[in-house]
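Descriptive analysis of the structure
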Amino acid sequence: MLQGHFLTAMRHSLFGYFIPCNSPFMPFTLNIKKFSRYKYHKQLEEIGDLRDKVLNIAVVDDEQIIREQICNYIGKQCAGCHVKAYETGKALLESGKHFDIVFLDICMAELDGIETAKILRQSKDEIILIFITGVKDYVFEAFDVSAFHYLLKPIAEEKFASVLKRAAAEVKKRAVSN
């Protein structure tokens, strides 16, 4: 029977990969596994791990290409999220659905984003509002309705990912405190 470093043992890591161990130095292998677990948990903390809570996200913009772009960005960053897109603020309000995060354009027909946000704040105070617009002029009005962030079009994917990550962490924090 082969012994020592000639014996090939397979160890299963946290990530589902098999690590071949051709060495009798098992403590070293265990240290790698501990580091992998630490690194994995650190990554979960950084992205706002919401294992017990699925995020419900609304995207409201009158431009279809922008709605699709935002939905694609969300899909890349948050695969388990439920995303619903609306063309107007009125359509969002009429849906009657609860959302954790709402990405909201300001300049829209019928009911603009600021007015939509005021109505949302009256009924659902826990919603995280993130305005996405091409106009800088409404930034102070956005903060009057407690906006979480104000993104300008065109939207950089890196900036969007950063804001979504912070918003998800805020949802998690609010869920834990309630």
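Residues numbered from 1 in each chain as written. Predicted model: local features only at pLDDT ≥ 70, side-chain atom pairs only at ≥ 80, totals over all residues. Heavy atoms only, no water.

A look at the pairing of strand E4 (residues 82-86)
Each regular strand shows side chains that alternate between the opposite faces of the sheet. Where strand E3 (residues 56-60) and E4 come together, five bridges link them in parallel fashion. For Ile57, the partnering residue across the bridge sits in E4 and is Val83. Traced from E3 through helix H2 (residues 64-77) to E4, the parallel crossover comes out right-handed. (Pairing = 2+ DSSP bridges. Helix = DSSP H or I, 4+ residues; strand = E, 2+ residues; numbered from the N terminus. Right-handed = clockwise from strand over helix to strand, strands pointing away.)

Brief notes about the confidence of the model for the protein chain
The predicted coordinates should not be examined in detail at positions where pLDDT is low. In the predicted model, the protein chain carries a mean pLDDT of 79, and 70% of its residues have values of at least 70. Predicted confidence for residues 1-36 stays below pLDDT 50, and this span has 33 contacts to residues more than four positions away or in other chains. Contacts for the low-pLDDT stretch residues 39-44, under 50 throughout, to residues beyond four places or in other chains number four contacts. (pLDDT = per-residue confidence, 0-100. Contact = heavy atoms within 4.5 Å.)

A few points about the sheet that holds strand E6 (residues 128-133)
Read from one edge to the other, the open sheet built from five strands follows the order E4-E3-E5-E6-E7, with strand pairing classed as parallel. Looking at strand neighbours, the two that pair on one side only are E4 and strand E7 (149-152), the edges of this open sheet. When the angles between neighbouring strand axes are averaged without regard to direction, this sheet yields 15°. Lying over the sheet, helix H4 (residues 113-123) contacts strand E5 (101-104) and E6, oriented at roughly 175° with respect to E6. Across the face of the sheet, helix H6 (residues 157-177) comes into contact with E3, E5, E6 and E7 while running at roughly 165° to E6. (Axes fitted to C-alpha atoms, helices over the stretch in contact; angles between N-to-C directions.)

Considering the side chain of Thr116
Mapped onto the elements, Thr116 comes out in helix H4. Owing to a relative accessible area of 0%, Thr116 belongs among the buried residues under this scheme. (Buried < 20%, exposed > 50% of the residue type's maximum accessible area, 1.4 Å probe, protein only.)

What to know about the pattern of salt bridges
The final tally for this structure, using the stated rule, is eight salt bridges. For Lys153, the salt bridge goes to Asp61, with nearest N and O atoms at 3.0 Å. Placement of Lys153 in the loop between E7 and H6 and of Asp61 in the loop between E3 and H2 is noted, with a sequence separation of 92 residues between them. Looking at Asp61, the relative accessible area reads 1%, which means it is buried. Glu170 is the partner of Arg174 in a salt bridge, and the nearest nitrogen-oxygen pair spans 3.1 Å. Of the two residues, Arg174 and Glu170 are both situated in helix H6; the distance of four residues between them amounts to about one turn of the helix. Three or more residues are tied together by salt bridges with common partners; here these are Asp61, Glu63, Asp105 and Lys153. (Salt bridge = Lys/Arg side-chain N within 4 Å of Asp/Glu carboxyl O.)

Focus: unusual backbone geometry
A negative phi angle characterises most non-glycine residues, just as the trans form characterises most peptide bonds. Each neighbour pair has its own omega, and for Lys153 with Pro154 the value is -5°, a cis peptide bond. Examined against the element boundaries, Pro154 turns out to sit in the loop between E7 and H6. Residue Ser146 is not a glycine yet carries a positive backbone phi of 60°. Along the chain, Ser146 turns up in the loop between helix H5 (139-144) and E7. Using a relative accessible area of 48% as the deciding quantity, one classes Ser146 as partly exposed.

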